[in-house]
Amino acid sequence: MNKLSQIDKDPRSFWRKTAKRRDPFPTLGQDVETTVLIVGGGFTGLSTARDLLKRDVDCIVMEARDIGWGASGRTGGFAVPRFKMNYSDLARDFGEKTALDLFGKAIEAVDSIAETVAEFDIDCGFQRDGHLTPAHTIKALRGLKEDQAWLRDVAGDTAVRVLDAEETADALGSPVYRGAYLDPRAACLHPKDYTHGLAAALASRGVRIFVDSPVKTLVRDDGRWLAQTPEGAVRARHVVLASNAYTTPLVEGSTLHRRIIPVSSSVITTRPLNDTERKMTLPIGLPVTDARRLVRYFRMLPTGQLLFGGRGDITGRRKDEAAYRPLEQQLAETFPHLAGIEIHERWSGKVAVTLDSFPHIGRLDEDVHYALGYGGRGVALSSIMGRRLAERIAGDRTDMGPMEDAGFGSVPFHALRRTGMQMMARYYQLRDSFEQ
Ligand SMILES: Cc1cc2nc3c(=O)[nH]c(=O)nc-3n(C[C@H](O)[C@H](O)[C@H](O)COP(=O)(O)OP(=O)(O)OC[C@H]3O[C@@H](n4cnc5c(N)ncnc54)[C@H](O)[C@@H]3O)c2cc1C
């Protein structure tokens, strides 16, 4: 493995520290040809490669750093069958047929991860026991109850349960929530072990994967796409851009990078909890993402540590420990008995936010496809986006409803996104605490 992947691998992350050791992937050092070039070795890129492999379509994955180096290897690892918006709200805004279709896709997304783990026998701590969405306000709880009623009455789905305030406090070991929505179909996993395990399985079946191989330029050349890396080149018929929040303007004239706002999400882990703390903290043992606009998410780790994520420094520019203080404060608010607890790991990564809160799939050119913009919901959704990208390249027609590229334009005043983001975060934070 060369220098780049050794020095810049989010070394502070719990996932990095506990990932299983695997053989490293090579760096591209020559000129090669393929049918599909995939730019980005995270969940989206690897899921696309997985489904291209099923269809016997030759592909190459090019990753600038290391497999799972981006958001995919830093996430909380929750695969939840929900969008940012409630299903009842989606039904109101887009009609019942579309909302039903989105619900089907969200379930398919989590199912597809379960299938991938089973098919490739990926040892990544995958557990499908459910997930809780607790409500911090009466209004948020009302929304979750409406969602449960909509699923029951319109989708005929009775899997979801809504817990009252007392049950929620018992389940979470936290006094701050008014109730919670429990979906037993959600899953969680070790994200580095999933990405590395999937990449290794794909490579053993013939998919060529290169790390420390950033695509620097991508140009049309004699009816094909030519991607140049520092030490080699790839010639391909199709290209998939799977670079999410790390997207740069690779294709001339493309505005893709201006259609998303990269926002930093931060995570801390505590020291291992002692027996008393353990009994008082998340006794239900399920992962949690609350219903705030600026979400807080947490889960117990196999080491007995609590992982707690949310907003640190949303610009992602600050790397010092002080940038994680807001998160430590949120942890103390959520679990007062853990106030001031020693923090073991701190890390952050970038999510791609879109104006309509949907991820999007589309084409920049006849042969250049993309899928990105998952916000904090990419673990599950990227898995079906990869599937759809592969289907489209193979010539199938697929319809992803509001996630298609129609109307997915540039963010106004994109150059001012950092200031805008900070103002927006402050506004959301005020609304969250005001409503509470
Ligand atoms: C801290 C954090 C916690 C999160 N928690 C959750 C969660 O619990 N549940 C959930 O559903 N979602 C969560 N998310 C969001 C989720 O992780 C992302 O939506 C998802 O990982 C996106 O996957 P991706 O493959 O599209 O992008 P990434 O994983 O970001 O991968 C993009 C890759 O492209 C590479 N790349 C970019 N440009 C080039 C180039 N020119 N050449 C080659 N390679 C290139 C990058 O190096 C990067 O590795 C979280 C995100 C963060 C940051």
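This is a predicted model, so every value here is computed, not measured.

Reading guide: rules and limits
Residues numbered from 1 in each chain as written. Predicted model: local features only at pLDDT ≥ 70, side-chain atom pairs only at ≥ 80, totals over all residues. Heavy atoms only, no water. Helix = DSSP H or I, 4+ residues; strand = E, 2+ residues; numbered from the N terminus. Buried < 20%, exposed > 50% of the residue type's maximum accessible area, 1.4 Å probe, protein only. Expected span 1.5 Å × (residues − 1). Axes fitted to C-alpha atoms, helices over the stretch in contact; angles between N-to-C directions. Parallel < 35°, antiparallel > 145°, perpendicular 65-115°, else oblique. Left-handed = near helix turned anticlockwise from the far one by under 90°. Contact = heavy atoms within 4.5 Å. Near = heavy atom within 4 Å. Polar contact = N/O pair within 3.5 Å; in protein donor to acceptor, adjacent residues only side chain to side chain. Nonpolar A, V, L, I, M, F, W, Y, C, P; charged D, E, K, R; others polar. Phe/Tyr/Trp six-rings, centres within 6.5 Å; stacked < 30°, edge-to-face > 60°. Core = buried A, V, L, I, M, F, W, Y, C linked by side-chain atoms within 4.5 Å. pLDDT = per-residue confidence, 0-100. Pairing = 2+ DSSP bridges. Salt bridge = Lys/Arg side-chain N within 4 Å of Asp/Glu carboxyl O. 1 Å grid on protein atoms, 1.4 Å probe; cavity = no way out; pocket = protein on both sides within 12 Å on 5 of 7 lines; lining within 4 Å. Points joined across faces, edges and corners; volume = space filled by probe spheres on them. Arc of directions from axis to C-beta.

**Notes on unusual backbone geometry**
Positive phi is not limited to glycine here, since Asp 56 has a value of about 60 degrees. Locating Asp 56 in the fold gives a position in the loop between helix H3 (43–54) and strand E2 (59–62). Unlike most non-glycine residues, Asp 212 shows phi in positive territory, near 50 degrees. Classification of Asp 212 by relative accessible area gives buried; the value is 5%.

**So, helix H5 (residues 96–120)**
Because each turn of an α-helix spans 3.6 residues, side chains separated by three or four positions in sequence point in the same direction. With 25 residues, H5 extends 36 Å between its outermost C-alpha atoms, agreeing within 8% with the 36 Å of an ideal straight helix rising 1.5 Å per residue. At the C-terminal side of H5, Asp 121 shows a positive phi close to 55 degrees.

**As for the packing of H5 against helix H8 (residues 191–204)**
With their axes 10 Å apart at the nearest point, H5 and H8 run at an angle of 55 degrees to one another. Classified by the angle between their axes, H5 and H8 sit oblique to one another. Read as a crossing pair, H5 and H8 show a hand that is left-handed. Facing Ile 113, Thr 116, Val 117 and Phe 120 of H5, the residues of H8 in contact are Tyr 194, Leu 198, Ala 201 and Leu 202.

**Details of the site of the ligand**
Taken together, 36 residues are adjacent to the ligand, and Thr 44, Glu 63, Ser 72, Phe 78 and Val 379 come closest. At a separation of 3.0 Å, an oxygen atom of the ligand approaches a polar backbone atom of Phe 43. The contact in question runs from an oxygen atom of the ligand to an N or O atom on the side chain of Thr 44, over 2.6 Å. In terms of residue count, strand E16 (residues 343–353) provides more of the shell around the ligand than any other element does, 3 residues in total. Residue composition of the shell around the ligand, grouped by class: 17 nonpolar, 15 polar and 4 charged.

**Focus: the packing of aromatic side chains**
What characterises a pair of aromatic rings is the spacing of the ring centres plus the angle enclosed by the ring planes. Counted under the stated rule, the structure contains 12 aromatic pairs. Here the aromatic rings of Phe 43 and Tyr 194 are separated by 5.8 Å at their centres, their planes lie at 55 degrees, and the arrangement is tilted. Linking Phe 43 in helix H3 with Tyr 194 in helix H8, this pair joins segments that are 151 residues apart in sequence. For the pair Phe 43 and Tyr 194, one class covers both residues: buried.

**Some words on the nonpolar core**
Core analysis: the largest hydrophobic core is formed by 62 residues, its most contacted members being Ile 38, Phe 83, Tyr 87, Tyr 194, Leu 202 and Ile 209. Counting residues per element, the ones that place at least two in this core are strand E1 (31–39), H3, E2, helix H4 (87–94), H5, helix H6 (138–153), H8 and helix H11 (378–393). In terms of residue count, H5 provides more of this core than any other element does, 10 residues in total.

**A word on the confidence of the model for the protein chain**
For residues with low pLDDT, the predicted coordinates do not support detailed interpretation. Overall, the prediction assigns the protein chain a mean pLDDT of 92, with 91% of residues at 70 or greater. Low pLDDT, under 50, characterises residues 1–9; the stretch is placed with 17 contacts to residues that sit more than four places away or in other chains.

**So, the pairing of strand E4 (residues 131–135)**
Burial analysis of E4 places 5 of its 5 residues in the buried class, which makes it a mostly covered element. Neither face of E4 is left uncovered, since the one carrying His 131, Thr 133 and Ala 135 and the one carrying Leu 132 and Pro 134 both have all their residues buried. Inspection of the sheet shows E4 paired to strand E6 (residues 179–183) by 5 bridges, in the antiparallel sense. Residue Pro 134 lies in a different strand from E6, and its bridge partner there is Ala 180.

**So, the side chain of Asp 183**
Its place among the elements puts Asp 183 in strand E6. A residue is classified by how much of its surface remains accessible, and Asp 183, at 2% relative accessible area, is buried. Within the structure, the side chain of Asp 183 is placed 2.9 Å from the backbone nitrogen of Arg 185, a separation counted as a polar contact. Among all residues touching Asp 183, those that are not within four sequence positions of it are Pro 81, Gly 130, His 131 and Val 160.

**A short note on the pattern of salt bridges**
For the structure shown, the criterion picks out 33 salt bridges. Two residues, Arg 387 and Glu 108, come together in a salt bridge whose shortest N-O distance is 2.7 Å. Here the residue Arg 387 occupies a position in helix H11, and Glu 108 occupies one in helix H5, the gap between them amounting to 279 residues. For Glu 108, a relative accessible area of 21% translates into the label partly exposed. Between Glu 391 and Arg 388 there is a salt bridge, and its shortest N-O distance comes to 3.7 Å. Of this pair, Glu 391 and Arg 388 both sit in helix H11, 3 residues apart, which is roughly one turn of the helix.

**Quick word on empty space enclosed by the protein**
Counting across every chain of the model gives 1 cavity of 30 Å³ or more. Computed from the structure, the largest cavity encloses a volume of approximately 30 Å³. If you trace the largest cavity, you find it lined by Leu 241, Thr 247, Thr 248, Pro 249, Leu 250, Val 251, Ser 254, Leu 256, His 257 and Leu 364. For the lining of the largest cavity, a count of residues per class yields 6 nonpolar, 4 polar and no charged.

**As for the side chain of Thr 270**
For Thr 270, the location among the structural elements is in strand E12 (residues 261–270). Apart from the residues lying within four places of it in its own chain, the contact partners of Thr 270 are Gln 305, Leu 306, Leu 331, Ile 341, Glu 342, Ile 343 and His 344.

**A closer look at H4**
Within the sequence span of H4, burial applies to Tyr 87, Ser 88, Leu 90 and Ala 91. Along the axis of H4, the buried positions cluster into a sector of 160 degrees, meaning they face one direction only. In H4, the exposed positions that point more than 90 degrees away from the buried face belong to Arg 92 and Asp 93. Considering only its buried residues, H4 is in contact with H5 and H6. Within two residues after H4, Gly 95 carries a phi angle of roughly 95 degrees, on the positive side.

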